[in-house]
Amino acid sequence: MSQRIVVDPITRIEGHLRVEVIIDDNGIVTDAYTGSTLWRGLETIAKGRDPRDVPLLMQRICGVCTFSHYKAGTIAVENALGITPPLNATLTRTLMSCALFMHDHPVHFYQLHALDFVDIVSALSADPFKAQDEAFKYTDFPYACGADHLKGVQAKVKAFVDKGNLGPFANAYYGHSTYHFTPEQNLIALSHYLECLRIQRVAAQMMAVFGAKQPHPQSLCVGGVTCVMDILNPVRLGEYMTKFQEVADFINRAYYADLVMAGKAYANEPSVLNDVGVANLWTHQEFQVSKNEFLFESGIIMNGDLSKVLDLDESKLTEEATHAWYKNDKALHPYDGEQEPNYTGFKDEKTINAQGEMVDTKVFDTKGKYSWIKAPRYDGKPLQVGPLANIVVNYAKGNKYVVPVVDKFLADTGLPLSAVLSTLGRTACRMIEAKVIADNGLMALNSLAENIKSGDTTTAAKYKIDKNKEYKGRYIGHVPRGALSHWTRIKNGVVENWQAVVPSTLNASPKDKDGIMGSYEACLIGLKVADPTRPLEIIRKIHSYDPCIACAVHVMDTKGNKLGNYKVSI
Amino acid sequence: MVKLKEKIIARLDSLEKLPSLKNGSIKDALIEKGFTRRDFMKWAGAMTAAIGLPSVFAPSVARAAELADRLPVIWLHMAECTGCSESLLRVDTPSIDSLIFDYISLEYHETIMSASGWQAEENLENAIEKYKGQYILMVEGGIPAGSSEFYLTVGPHGTTGAEHCRIASQNAAAIFAIGTCSSFGGVQAAYPNPTNSQPLSKITSKPVINVPGCPPSERNIIGNVLHYILFGTLPALDNYNRPKWAYGLRIHDLCERRGRFDAGEFVESFGDEGAKDGYCLYKVGCKGPYTFNNCSKERFNQHTSWPVQAGHGCIGCSEPDFWDTMGPLQEPLTNRLYKSVFGGLGADATADRISIGVLAIAGVAIAAHAAIGAAKK
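Bear in mind the structure is a predicted one, so any value in this text is a computation, not a measurement. (Residues numbered from 1 in each chain as written. Chains lettered and ligands numbered in written order. Predicted model: local features only at pLDDT ≥ 70, side-chain atom pairs only at ≥ 80, totals over all residues. Heavy atoms only, no water.)

## Digging into the pairing of strand 10 (residues 317-320) of chain A
Residues in a regular strand project their side chains so that they alternate between the two faces of the sheet. Residue and element names in this part refer to chain A. Note the threshold: Accessibility here uses a 1.4 Å probe with only protein chains present; expressed as a share of the type maximum, an area under 20% marks a residue as buried, one over 50% as exposed, and anything in between as partly exposed. Helix and strand assignments follow DSSP, with helices taken as H or I runs no shorter than four residues and strands as E runs no shorter than two, numbered in order from the N terminus. Only when DSSP finds a minimum of two bridges between them are two strands counted as paired.
Neither face of strand 10 is open: one carries L317 and E319, the other T318 and E320, and all of them are buried. As paired strands, strand 10 and strand 13 (residues 375-378) are joined by four bridges and run antiparallel to one another. Across the sheet, T318 pairs through a bridge with R377, a residue of strand 13.

If you want it as structure tokens, here you go:
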């Protein structure tokens, strides 16, 4: 008999996410539903405001990829007003993007995702000397993997475990049958988990050099950047460069090596392979490192056909709400979108709890509405975005920065190219993306220095907002969780309309009117769950997308209705 | 002072009698990391100053830090961006501050904890039960309330965020609203507040200490925890229930560009010559004169920078309703062009009429000052 598993909250993500799956007698997932349980309404709030304020407001969509929406919002307004920021400003924004990606990707892997692969308890029985030797199998220069260091890590964690109070590590899935690292490999990863806590502070400082603070940097303005004193200060440039190199070193010697280790250890684990999710992959040009050069290029691959990379047609993007808690179900372009909240709640059912008992639970009304996330579609089809889409599209286009890193990773792990289209591949592509940036991002710093040397010290373009004119503009780009776009209309000098189509909306979309699933749901179908009371496999798959759910929940209403007046009756 | 010290010592004595939750005080952790007793006392001295105590209290702070592992913490996530949690993870210099985070017992925190789903809910229920009356509750995010409470649910039982807050606050030893969202409703509560987002203080009847900022600095969070350990009471608060030791001064009071302000030297537009020379940002919208926080002293990310250093004015993020009352964020307050909430009059409809009145007068005075400065050139 089929059975429903409810996982709520999905932890170690940003925001609030619930996953429900139906499994058959063999524990195979036959249907899946993912929905956000939070709505915030920031686009409604943007309306009527000064266009210069809204990028700062949009930044508050997310405190994790904290620069993404700030930059996106700023560029959307610039695009609407027809402003081209000075080269110095663009390059500085690239340096801030480098800081964001080099922070976000390692933190995602170690702090949010690694425990899906790493069994901390197992690390306690490792032989530190063997682990030291093991580390050399994945890199010539292991990071924090000397036997003495590993002994210290082990002792520290052992003391912690012995006292019986695991704090944030309590009640995890230790000993689960789908963990595949040896005790020594677990110990190596654990050492890097702790190192990453330190390194992420350095990466945050990289952002703060030009951005004032992290999270929520505050140094952009419509037309450019405000941190002109930092840009013209050689000590500040040196500070950024040194921190960049320190984080890049961690990415190359720890992050890369650990993904090679994982690629080998998990090469035969069915729950992380053969699950591309949605095979329509979208990415967009980002990381301008000199006057005309970008690290990543744009493109769309449909139906997993790597031989053809298409160009984006902006007019084909829509969002619909058949299964989302909004009133209007129709598919509408972001410039024309509309929605009003329409919360219809959960249904009552008995499902299996952590003790294996059938207990009263609230479950999704899967025939009706079940998420605060809408369903974005491209030409009527769902898209997958994120590092996997970015790396695969750029690999297919023969990108000179991407191809050698992918080829080296495949050679080091012995994995075939097809393995990239999977949970393991999604996690590996995030690392590959971080490495491409770590290896090449300083080109932007060099270009900045060259440009200043040539005598150009401009950092902000001048502009005027004409209150008698109507403007329309957008940003489309690539951020840590994938392709992001912000769309705005400006009228009477204030924002008339604002919409963000964000990576997590694209990936976590509920089913559409035709029952077509988004990528989260699609990748769960066919998954075998070894123990319904400890659904580690589900969590591992969902984490591979790096969910950012606060981003994904948003609302717009072009009719000018005051949504604050709506009352939802339960 | 003597009385205060006696009170602290009595408080520490009672804390010492509590069963230890796990190994390792902050001091042990430091020693493990290669710090000496002397380093530790230096750190305690710095923290004593940071929370505004005379240096005679340094030994008490040190002792409190040794006892800090006995404090269970439950951290709830409401309607938020997770920026406050992220801020806490960044930790300030010296990095040993982070050890307070590591060495309190963090019983529930969705961004960090290993358990998910049913296991996560078990952790929360167990912690509330096991540490009844002992745990510190920290809440991040605004809380959808009223008939629209269901804009946020958490857990297999579809419990609303507001309900989680009510249950967890019942038996908390102290409650902190971390960040502007849980302190004042935050960005989702900005006009027209489509989700009816409310501050934590409107959800629970228990006293709430507000630690606003978008995000607040981690030092402001940690200082409060230490204050609680030392005194066993809430710190002295201002009209908005913000601890005075952190929010007692205006940004403007200790600003590095204050000399430029006094000299009447202003950035007129971003990227101009004045911007390159570090002139005052008042005319491009700095809200430092109206904003109570210690950013100009503590800065962010191990003192790396802060908004005014990066050439962008303060946006007033630790003040109530700042999205509606401080905008346009890149223009002086007294040049207000766009109507915001309350008919463009700002925070006048909130509780504290007197201090806002004072601020409005200050605003006029500052504008006059700016005009005089410009005329002098």
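Now that the structure has been shown, the text picks up again.
## Observations regarding the pattern of salt bridges
Operational definition: By definition here, a salt bridge exists when the distance from a side-chain nitrogen of Lys or Arg to a carboxyl oxygen of Asp or Glu is within 4 Å.
In total, this model carries 46 salt bridges over all chains according to the counting rule given. A salt bridge links R260 of chain B to E265 of chain B; the shortest N-O distance between them is 2.7 Å. Residue class for E265 of chain B comes out partly exposed when judged on its relative accessible area of 22%. When salt bridges that share partners are traced, they join R4, D8, R18, E20 and E349 of chain A into one network.

## Observations regarding the environment of C286 of chain B
All names here are of chain B. This is how the line gets drawn: Contacts are residue-level and defined by heavy atoms, with any inter-residue pair within 4.5 Å sufficient.
By secondary structure assignment, the location of C286 is in the loop between helix 13 (273-276) and helix 14 (295-298). According to the relative accessible area criterion, C286 is buried, its value standing at 10%. In this structure, C286 is in contact with L281, V308, G313 and C314, ignoring residues within four places of it in sequence.

## Let's talk about empty space enclosed by the protein
The rolling of a water-molecule-sized probe over the atoms marks out the regions of remaining empty space. Residue and element names in this part refer to chain B. Put simply, the rule is: Cavities and pockets were defined on a 1 Å grid built over protein atoms only: a cavity is a set of grid points that admits a 1.4 Å probe from which the probe cannot escape, a pocket is an open set flanked by protein on both sides within 12 Å along at least five of seven lines, and lining residues are those with an atom within 4 Å of any such point. Grid points are joined across faces, edges and corners, and a volume is the space filled by probe spheres set on the points. Put simply, Ala, Val, Leu, Ile, Met, Phe, Trp, Tyr, Cys and Pro go in the nonpolar bin, Asp, Glu, Lys and Arg in the charged bin, and everything else, Gly too, in the polar bin. These domain limits were set by an automatic method or by a database of domain assignments.
According to the stated counting rule, one finds 18 cavities of 30 Å³ or more in the structure shown. Its volume calculated, the largest cavity comes out at about 150 Å³. If you trace the largest cavity, you find 19 residues lining it, with I251, N293, C295, F300 and C317 closest to the centre. Here the lining of the largest cavity is built from residues that sort into 11 nonpolar, seven polar and one charged. Counting residues domain by domain, the lining of the largest cavity receives three or more from each of domain 1 (2-247) and domain 2 (251-335).

## Topic: the packing of helix 10 (residues 234-265) of chain A against helix 14 (residues 442-453) of chain A
Residue and element names in this part refer to chain A. For the record, the criterion: Lines fitted to the C-alpha atoms define the axes, with helices restricted to the stretch that makes contact. Angles between their N-to-C directions range from 0 to 180 degrees. Working definition: roughly parallel below 35 degrees, roughly antiparallel above 145 degrees, roughly perpendicular at 65 to 115 degrees, and oblique for all remaining angles. Throughout, a crossing is termed right-handed when the near helix is turned clockwise from the far one, and left-handed when it is turned anticlockwise from it by less than a right angle.
Two elements in contact, helix 10 and helix 14, have axes separated by 11 Å at closest approach and are oriented at 165°. What the angle tells us is that helix 10 and helix 14 run roughly antiparallel. Note that helix 10 runs across helix 14; the crossing there is left-handed. Residues L237, Y240, M241, F244 and Q245 of helix 10 lie in contact with helix 14, whose contacting residues are L442, L445 and L448. By residue class, the composition of the contact of helix 10 with helix 14 is seven nonpolar, one polar and no charged.

## Quick notes on the UniProt feature "binding site: Mg(2+)" (unreviewed entry) in chain A
Residues and elements named next belong to chain A. Just so we agree on the cut-off: UniProt positions are given in the numbering used here, feature names are shortened, and annotations may be inferred rather than shown by experiment.
Sites flagged by UniProt as "binding site: Mg(2+)" (unreviewed entry) map to E43, C62 and H554. Secondary-structure assignment places C62 in the loop between helix 2 (54-59) and helix 3 (68-81). The class of C62 is buried, set by a relative accessible area of 0%.

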